[in-house]
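Coordinate analysis (summary)
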Amino acid sequence: TQFDTVIHSGQIATADQVFAGDIGIKDGRIIAVAEKIAGGERRIDAGGRIVMPGGIEGHAHIAQESSAGVMTADDYLSGSISAAYGGNSSFIPFAAQHRGQSIDHVLETYGARARRSVIDYSWHLIISDPTEAVLQDQLPRAFQQGITSFKVFMTYDLMNLGDGGMLDILTVARAHGAITMVHAENNDMVKWMNRQLAARGLTAPRYHAISRPELAEEEAINRAIQLAKLADAALFIVHVSTAGGAAIVRREKFNGAKLFAETCPQYLALTRDDLDRPGTEGAKFMCSPPLRGRETQDALWHHMAMGTFESVSSDHAPYRADETGKFTAGFDVAYPKIANGMPGIAMRLPWLFSEGVVKGRITLEQFVALSATNAAKTFGCTTKGRIAPGMDADIAIWNPDVTRTVTLADQHDNMDYTPFEGLQITGRPEHVLTRGASVIADGKLVGTEGQGQFFGRAPVDLRARPGVALPEFDPAQNFGTELR
Ligand code: URP
Ligand code: ZN
Ligand code: ZN
Ligand code: ZN
């Protein structure tokens, strides 16, 4: 028979349309999409359910040490399993350079860690130490290996590169067609707020949110965009958490900047009031940028519906609420010593489907774009994120009708809490394939350790982003061609 697998009787959802049809798969690839496909060694009956590209999780911290040295609770086995239960066929976690490390060492380290993954993976490279060797040799070499996205931080003393360091990275990225991702919060504003709060003895988790004002994000987003325009480089703003930040992104993007952005479920599902929960509970809701207010949630939903964001990503940063994670510095410490971040890789898509599609805030097509198709374009995943002949058979089959109450057990991660506990969610991925192989079948794990493979990526697709004409600042014109 011509097909290894045929998925039949589904409602196929893409970023552009929804239609009844079948999918024929051979050797891990989609080779046919048609109204009816006969045959197949294995036939999967989608039974009228939604068949869509498997999610691409573009923002997750897996087997990664924080700058303070705390290891995430999820490694590539538990993290990829949790991702698969959440409807993802692949993910792009971070490979983080800590100061003093070479990029080659970082990629070797993460290469060893990722071998356990049950879904396909690639990495965004976090750069904290842009030495000449890194800029001249190591980043170009990483790029050659298909690592086409670099992430930088404008905050955290051990990560922050300063504006000049960012311009250096942006320029190298521009020369190779890489995209630079940025965590945008003004470091000095945050540090100044920390000093004000410490001087007044205000140390509870709720002050974490107060120490990182919306203005700090808005200022840094604007600055990052202007730096990228100066270097004529592509920029991706991660985890936009403010209405003001989203408005800046929208304005600049539709003025032609080579700009991309994401937001995350936690900023739409939770608020800073969650930080006021008693005892150690509040710390579970500490992430950076911090949770905001209700009015921010409305604004972010409008921006999502209007196309301001390419993606909704989890920012899965799993630090357990115990002495191995949040509280490595002790339980009775001030908020700056509590690890930042919350888990959510299994909830990203079910939450977005339930609150977005089921409640009519976004269309199913938008959901597909936000969960996979746009990430594939932005990050150069040329064989993923779409249902079409020639693409990897990365597919998720969703039952849109089942409703459940979110529990920790449902996350299948290595965490001791979920910030989404107790929410009612409608819609569930029941079958997830990575390159044609089932990872989740009938809602249960069937994938095996190590079945995921590394995928290299292409340069960012800038066809819809012409850039802003600033010829007087064009580095290639003004400094010769060596920067290209
Ligand atoms: O609070 C978060 N998001 N922790 C993860 C590290 C980062 O800021 O990206
Ligand atoms: Zn090392
Ligand atoms: Zn971040
Ligand atoms: Zn993050």
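Residues numbered from 1 in each chain as written. Chains lettered and ligands numbered in written order. Predicted model: local features only at pLDDT ≥ 70, side-chain atom pairs only at ≥ 80, totals over all residues.

**Some words on the sheet that holds strand S7 (residues 88-91)**
By definition, the strands of a sheet pair up through backbone hydrogen bonds, in either a parallel or an antiparallel sense. Taken in spatial order, the three strands make up an open sheet running S6-S7-S9, and their pairing is parallel. Only two strands of the sheet have a single neighbouring strand rather than two, namely strand S6 (55-57) and strand S9 (120-121). Inspection of the sheet shows S6 paired to S7 by three bridges, in the parallel sense. From the neighbouring strand, Glu57 faces S7, where its bridge partner is Phe91. (Pairing = 2+ DSSP bridges. Helix = DSSP H or I, 4+ residues; strand = E, 2+ residues; numbered from the N terminus.)

**Quick look at the UniProt feature "modified residue: N6-carboxylysine" (unreviewed entry) in the chain**
If you check UniProt for "modified residue: N6-carboxylysine" (unreviewed entry), the listed places come out as Lys151 in our numbering. Its location among the elements puts Lys151 in strand S11 (residues 149-153). Setting aside chain neighbours within four positions, we find Lys151 in contact with Phe94, His124, Leu125, Ile126 and Met181. (UniProt positions renumbered as here; feature names shortened; annotations may be inferred. Contact = placed C-beta atoms within 7 Å.)

**As for unusual backbone geometry**
The peptide bond linking Ser288 to Pro289 adopts the cis configuration, its omega dihedral lying at -10°. Inspection of the secondary structure assignment puts Pro289 in the loop between helix H9 (265-269) and helix H10 (294-306). Here the phi dihedral of His239 falls at roughly 30°; this positive angle occurs in a residue that is not glycine. Note that His239 resides in the loop between strand S13 (235-237) and helix H8 (243-254).

**Regarding the sheet that holds strand S12 (residues 179-183)**
Read across the open sheet, the seven strands follow the order S8-S10-S11-S12-S13-S14-S15; overall the sheet is parallel. Both edges of this open sheet fall to strand S8 (94-96) and strand S15 (311-312), since each of them pairs with a single strand only. Strand direction decides the pairing type here: S12 and S13, joined by three bridges, are parallel. Across the sheet, residue Thr180 finds its bridge partner in S13, namely Leu235.

**Side note on H8**
The terminal C-alpha atoms of H8, which comprises 12 residues, lie 16 Å apart, in line with the 16 Å expected from a rise of 1.5 Å per residue. Within the sequence span of H8, burial applies to Ala243, Gly245, Ala246, Ile248, Val249, Glu252 and Lys253. Residue Gly256 follows H8 closely and has a positive phi angle near 105°. (Expected span 1.5 Å × (residues − 1). Buried ≥ 20, exposed ≤ 12 C-beta atoms within 10 Å, placed from the backbone.)

**Looking at the site of ligand 1**
The environment of ligand 1 is made up of His61, His183, Cys287, Ser288, Asp315, Ala317, Asn340 and Gly341. Its residues assigned to classes, the shell around ligand 1 shows two nonpolar, five polar and one charged. (Near = placed C-beta within 6 Å. Nonpolar A, V, L, I, M, F, W, Y, C, P; charged D, E, K, R; others polar.)

**A closer look at the confidence of the model for the chain**
Averaged over all residues, the pLDDT of the chain is 96; the fraction at 70 or higher stands at 96%. Element-level mean pLDDT values for the chain span from 61 in helix H13 (residues 475-479) up to 99 in S6. Of the two predicted TM-score estimates for the complex, the pTM is 0.96 and the ipTM is 0.90. (pLDDT = per-residue confidence, 0-100.)

**Details of the UniProt feature "domain: Amidohydrolase-related" (unreviewed entry) in the chain**
Cross-referencing UniProt, the feature "domain: Amidohydrolase-related" (unreviewed entry) maps to residues 50-436 in the present numbering. Helix makes up 37% of residues 50-436 and strand 16%, with an end-to-end C-alpha separation of 17 Å.

**Re helix H11 (residues 348-358)**
The buried fraction of H11 is high, at 10 of 11 residues. Restricting attention to buried positions, one finds in H11 the residues Arg348, Leu349, Pro350, Trp351, Leu352, Phe353, Ser354, Glu355, Gly356 and Val357. Tucked inside the fold, the buried residues of H11 contact S6, H9, S15, helix H12 (364-378), strand S16 (395-405) and strand S17 (424-434). Once H11 ends, the next one or two residues include Gly360, with phi positive near 80°.

**Focus: the nonpolar core**
By size, the foremost hydrophobic cluster in this structure holds 147 residues, and its most contacted members are Val51, Ala224, Leu235 and Ile237. What Val51 contacts, discounting residues up to four positions off in sequence, is Ile7, Gly10, Gln11, Ile12, Ala13, Ile23, Ala46, Ile395 and Ile397. (Core = buried A, V, L, I, M, F, W, Y, C linked by C-beta atoms within 7 Å.)

**Section: the environment of Gly282**
The residue Gly282 is located in the loop between H9 and H10 in this model. The buried category is assigned to Gly282, around which 21 C-beta atoms lie within 10 Å. Sequence separation between Gly282 and Arg272 is 10 residues, and the spatial gap between their C-alpha atoms is 9.4 Å. Each residue touching Gly282, except ones within four places of it in the same chain, is listed here: Ala204, Pro205, Arg206, Leu275, Asp276 and Arg277.

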